[in-house]
Amino acid sequence: MSTIYEPIDPDFREELEAQVAKRAAARLQYYSDIREFITLHATLKELVTKGTEEYLVLTTGEEVRLDRIVRVNDRPAPGYDEDFFKCDLGR
């Protein structure tokens with residue numbers, strides 16, 4: 001995972017904007033700054049830009065960098081497909 005911000009797909013960003021406009025509650029999966037894979041349920045508050053990086057702000061106060069989002073509800077972020085979410089069952 002790069003430490004340099006990579007702009008996200010415009011269609012995915014539009015979907016995030018629509019969810020933020022509704023202040024939707026969502027199941028969010030993302031990688032933290034220290035590369036932890038985190039799953040949480042939160043209300044999406046706003047999108048903000050800090051320098052060249054964009055963040056999703058949650059009502060909990062957490063800020064998630066947009067290029068670290070893996071999935072929102074059941075929609076994988078661009079670059080992740082359904083195979084990413086399958087468990088390796090000893091294959």
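Reading the values: rules and limits
- Residues numbered from 1 in each chain as written.
- Predicted model: local features only at pLDDT ≥ 70, side-chain atom pairs only at ≥ 80, totals over all residues.
- Heavy atoms only, no water.
- Buried < 20%, exposed > 50% of the residue type's maximum accessible area, 1.4 Å probe, protein only.
- Helix = DSSP H or I, 4+ residues; strand = E, 2+ residues; numbered from the N terminus.
- Pairing = 2+ DSSP bridges.
- Expected span 1.5 Å × (residues − 1).
- Arc of directions from axis to C-beta.
- Contact = heavy atoms within 4.5 Å.
- Core = buried A, V, L, I, M, F, W, Y, C linked by side-chain atoms within 4.5 Å.
- Polar contact = N/O pair within 3.5 Å; in protein donor to acceptor, adjacent residues only side chain to side chain.
- Salt bridge = Lys/Arg side-chain N within 4 Å of Asp/Glu carboxyl O.

Let's talk about the pairing of strand β1 (residues 25-31)
Move 1: Along β1, five of the seven residues are buried, which leaves the element largely enclosed by surrounding structure.
Move 2: As paired elements, β1 and strand β2 (residues 37-50) share seven bridges and run antiparallel to each other. Note that in β2 the partner of Q29 across the bridge is T39.
Move 3: Connecting the antiparallel pair β1 and β2 is a turn made up of five residues, with R35 showing a positive phi of about 70 degrees.

Some thoughts on helix α1 (residues 10-21)
Move 1: The end-to-end C-alpha distance of α1, which contains twelve residues, comes to 16 Å, matching closely the 16 Å that a straight helix rising 1.5 Å per residue would cover.
Move 2: Among all positions in α1, only F12, L16, Q19 and V20 are buried. Looking straight down α1, one finds its buried side chains confined to an arc of 100 degrees; they lie on one side. Every exposed residue of α1 that faces more than 90 degrees away from the buried side is listed here: P10, D11 and A21.
Move 3: Those residues of α1 that are buried are in contact with β2, β3 (53-58), β5 (69-72) and β6 (75-76).
Move 4: R23 sits one or two residues past α1 and shows a positive phi near 50 degrees.

Thoughts on the nonpolar core
Move 1: By size, the foremost hydrophobic cluster in this structure holds 19 residues, and its most contacted members are L16, L28, L56, L58, L66 and I69.
Move 2: For this core, the secondary structure elements donating two or more residues are α1, β1, β2, β3 and β5.
Move 3: In terms of residue count, the dominant contributor to this core is β2 (four residues).
Move 4: Not counting residues within four places of it along the chain, the set of residues in contact with L28 comprises I38, T39, L40, L56, L58, V64, I69, R71 and V72.

Examining the environment of D33
Move 1: When you line up the elements, D33 lands in the loop between β1 and β2.
Move 2: A relative accessible area of 66% means that D33 is categorised as exposed.
Move 3: Here R68 takes part through its side chain, which lies 2.3 Å from a polar atom of the side chain of D33.

A look at the pattern of salt bridges
Move 1: Taken as a whole, this structure holds seven salt bridges when the rule is applied.
Move 2: Here R13 makes a salt bridge to E17, at a shortest N to O gap of 2.2 Å. Of this pair, R13 and E17 both sit in helix α1, four residues apart, which is roughly one turn of that helix.
Move 3: E17 sits in the partly exposed class, given a relative accessible area of 38%.
Move 4: Two residues, R13 and E54, come together in a salt bridge whose shortest N-O distance is 2.6 Å. Highlighted residues: R13 in helix α1 and E54 in strand β3, separated in sequence by 41 residues.
Move 5: The exposure class assigned to E54 is buried, which follows from its relative accessible area of 15%.

Read these as layout, nothing more, since geometry by itself doesn't imply function.
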